[in-house]
Amino acid sequence: MLITPHFLTGVVIASQVPEVAPAALAAITSHYILDAIPHRDYFDKQYLTWRNILLTITDGIISLGLFYWLVPDAHWGYYFGIGALAMLPDVLALPGVFYNQFWQWPIIKQMHSWHTEILQYAWGEQGWGIGLLPQLIIISVAIYFLR
Ligand SMILES: [Zn+2]
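Residues numbered from 1 in each chain as written. Predicted model: local features only at pLDDT ≥ 70, side-chain atom pairs only at ≥ 80, totals over all residues. Heavy atoms only, no water.

K.L.:
Sorry if this is basic, but what is going on with the packing of aromatic side chains here?
P.N.:
When we look at a pair of aromatic rings, we describe it by the centre distance and by the angle of the planes. Taken as a whole, this structure holds 12 aromatic pairs when the rule is applied. With a centroid separation of 5.0 Å and an interplanar angle of 50°, the aromatic rings of phenylalanine 43 and tryptophan 128 are classed as tilted. Of this pair, phenylalanine 43 sits in the loop between α2 (20-35) and α3 (50-70) while tryptophan 128 sits in helix α7 (residues 127-146), placing them 85 residues apart in sequence. Judged by its relative accessible area of 21%, phenylalanine 43 falls in the partly exposed class. (Phe/Tyr/Trp six-rings, centres within 6.5 Å; stacked < 30°, edge-to-face > 60°. Helix = DSSP H or I, 4+ residues; strand = E, 2+ residues; numbered from the N terminus. Buried < 20%, exposed > 50% of the residue type's maximum accessible area, 1.4 Å probe, protein only.)

Below you can see the structure in the form of structure tokens.
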């Protein structure tokens, strides 16, 4: 999924769970649950294209904008940290795009294998329509919880 639904889900978890360990576990788990929903989060079938880089930058800016709009200053550190953990499997997948052997490292290999097996993509003609809808619903629910 895009950065925004993952990150905001982590932020909602942080807002509901004040203890770090269970919040961190829930945030990382939420990543795999959300990625199991059919979705679309990049163009073409290749990561490193200008359209994908622009999409990721825009997605990151939207995430930060919503974060600063929805989260009171007093909670920024904790909420941001748990939100970042909700993106961990994608962050850990990133070095492998540039250096393929990274995905063979212990622990990374298992996490990457699990992550790619769980990922459900919505390709084809209606890919963006069907693929964006669940993400927009997740973002809306997160905004509802954080408002
Ligand atoms: Zn993912």
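We are not done yet, so read on.
K.L.:
Explain the packing of α2 against helix α5 (residues 88-98) to me, please; I cannot follow it from the model alone.
P.N.:
For any two helices packed against each other, one specifies the crossing angle of their axes together with the interaxial distance. Across the interface, α2 lies against α5 with an axial gap of 8 Å and an inter-helix angle of 80°. Comparing their axes, α5 and α2 come out roughly perpendicular. Side by side, α2 and α5 meet where Ile28, His31, Tyr32 and Asp35 of the first sit next to Leu88, Pro89 and Asp90 of the second. Each residue belonging to the contact of α2 with α5 can be placed in one class, and the counts come to four nonpolar, one polar and two charged. (Axes fitted to C-alpha atoms, helices over the stretch in contact; angles between N-to-C directions. Parallel < 35°, antiparallel > 145°, perpendicular 65-115°, else oblique. Contact = heavy atoms within 4.5 Å. Nonpolar A, V, L, I, M, F, W, Y, C, P; charged D, E, K, R; others polar.)

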